[in-house]
Amino acid sequence: TRRWSDPVTWGGQLPMAGSTVVVPAGTRILLDRSTPALGALVINGELEIEPDVNVELTAASVTVRGGVLRAGTASQ
């Protein structure tokens, strides 16, 4: 599992406002901090919002293409 907050996850630099971000197939990323206002988020792999952490996911569009967006649990 990779962390959103780790620049290595993104090739050395965190995603910036307005950018298009792709979570590649076969990759699992834990959203452990709020995002800037992204232009687009495309999820081909897995993106999980870290439980018990107050984060905001902001994007003009979010597309899940054969991937998984996981937020919370059945009871939350």
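Cut-offs used in this document
- Residues numbered from 1 in each chain as written.
- Predicted model: local features only at pLDDT ≥ 70, side-chain atom pairs only at ≥ 80, totals over all residues.
- Heavy atoms only, no water.
- Core = buried A, V, L, I, M, F, W, Y, C linked by side-chain atoms within 4.5 Å.
- Buried < 20%, exposed > 50% of the residue type's maximum accessible area, 1.4 Å probe, protein only.
- Helix = DSSP H or I, 4+ residues; strand = E, 2+ residues; numbered from the N terminus.
- Contact = heavy atoms within 4.5 Å.
- Pairing = 2+ DSSP bridges.

Draft legend 1. Main features of the nonpolar core. With 11 residues, the main nonpolar core is built from Trp 4, Trp 10, Val 21, Val 23, Ile 29, Leu 31, Leu 38, Leu 41, Ile 43, Leu 47 and Val 55. When contributions to this core are tallied by element, the ones reaching two or more residues are strand S2 (20-23), strand S3 (28-31) and strand S4 (40-43). Trp 10 has contacts with Trp 4, Pro 15, Val 21, Val 22 and Ile 29, leaving out every residue within four places of it along the chain.

Draft legend 2. Structural detail: the pairing of S3. With 2 bridges connecting them, strand S1 (residues 2-3) and S3 associate as parallel partners. Residue pairing in the sheet places Arg 2 in a bridge with Ile 29 of S3. Here 4 bridges tie S3 to strand S5 (residues 46-49), and the two strands are oriented parallel to one another. The partner of Leu 31 across the bridge, within S5, is Ile 49.

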